[in-house]
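# Structural description and commentary
The residues making up each chain are set out below.
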Amino acid sequence: MSIHLTDPEVVTHAMVEHERQSYCECLEVKFALRIAAHTSVYWGASALGQLSIALAFGGCAVLCEVSDTDDFKQTIKDESVNTIGLVPDQLKLLADDPCLELPDMEVVFIWGEKLPVNVAQRWSNHPKARLIELLVSTEYWLSFYSAPLEGLGRHKIVKGVDTLIVDQSGWIAAQICRKVQQGADSRQGVRLFAKATCVC
């Protein structure tokens, strides 16, 4: 198989289109979305995820550089940010009482690690915020999500994603295949993830 210079463009476009449709499946937005785009490009999945969310909802990505938690909270307030996307450890440090500290937050996307129950519970009485958890390892190609405060105990599969669970050799592997179009080959955006875990 040969690699062509145009391959990343095809894959990137396909991923953006998939995420545009998939994020709208995960969440209905009835407000002018303003997401903090504060993550270094060193953390590609988070940085691109924040931009993908803005694109998916026709929202605004607030480009900002923050040095610590207090700086981030001040930026959220000053820039009227109502949507954030981050890992659970960052969410834990962001607010002990989100109702008081981040009253205008509408949506919190969590990715990269499993959201601990005690961190999710901090947000349970928030008057506006919805928590949307994206399954670890699929944030690169949005495939599974859940709403931990809305009784969705299991991750849901977004449309257009095929799943396969195999248990033939004593351990379970989950493979997620996303086909950009019928008959697409690897140069046109087929994605395959393999993990030695089971999504239950």
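Fair warning: this is a prediction, and the values are worked out from it, not measured in the lab.

About the cut-offs
Residues numbered from 1 in each chain as written. Predicted model: local features only at pLDDT ≥ 70, side-chain atom pairs only at ≥ 80, totals over all residues. Heavy atoms only, no water. Patch = residues over 30% accessible without salt bridge, like charges linked within 9 Å, V, L, I, M, F, W, Y side chains within 5 Å. Areas by Shrake-Rupley, 256 points an atom, 1.4 Å probe, with all protein chains shown as cover. Salt bridge = Lys/Arg side-chain N within 4 Å of Asp/Glu carboxyl O. Helix = DSSP H or I, 4+ residues; strand = E, 2+ residues; numbered from the N terminus. Buried < 20%, exposed > 50% of the residue type's maximum accessible area, 1.4 Å probe, protein only. Arc of directions from axis to C-beta. Contact = heavy atoms within 4.5 Å. Polar contact = N/O pair within 3.5 Å; in protein donor to acceptor, adjacent residues only side chain to side chain. Phe/Tyr/Trp six-rings, centres within 6.5 Å; stacked < 30°, edge-to-face > 60°.

## Remarks on a nonpolar patch on the surface
Residues L48, L51 and L63 make up a contiguous nonpolar surface patch of about 320 Å² in total accessible area. Assignment of secondary structure puts L48 in helix α2 (residues 44-56). The exposure class of L48 is exposed, given its relative accessible area of 54%.

## Focus on helix α3 (residues 69-78)
When α3 is considered as a whole, its buried residues turn out to be F72, T75 and I76. Looking straight down α3, one finds its buried side chains confined to an arc of 100°; they lie on one side. Of the exposed residues in α3, the ones pointing more than 90 degrees away from its buried face are D70, K77 and D78. Those residues of α3 that are buried lie in contact with β1 (34-37), β3 (83-86) and α4 (88-94). For α3, the capping residue at the N-terminal end is D68, with a side-chain oxygen 3.2 Å from the backbone nitrogen of D70.

## A closer look at the packing of aromatic side chains
Summed over all chains, the structure comprises 1 aromatic pair. Judged by centre distance (5.5 Å) and plane angle (85°), the rings of Y23 and F109 are edge-to-face. Of the two residues, Y23 sits in helix α1 (residues 7-26) while F109 sits in strand β4 (residues 107-110), which places them 86 residues apart along the sequence. A residue is classified by how much of its surface remains accessible, and Y23, at 1% relative accessible area, is buried. Given a relative accessible area of 0%, F109 falls into the buried group.

## Notes on the pattern of salt bridges
If you walk through the whole model with that rule in mind, you get 7 salt bridges. For K30, the salt bridge is made with E28, and the minimal N-O distance between the two is 3.6 Å. Residue class for K30 comes out exposed when judged on its relative accessible area of 71%. Residue class for E28 comes out exposed when judged on its relative accessible area of 57%. E101 serves as the salt-bridge partner of K73, at 2.7 Å between the closest nitrogen and oxygen. Note that K73 is positioned in helix α3 and E101 in helix α5 (residues 98-101), a separation of 28 residues in sequence.

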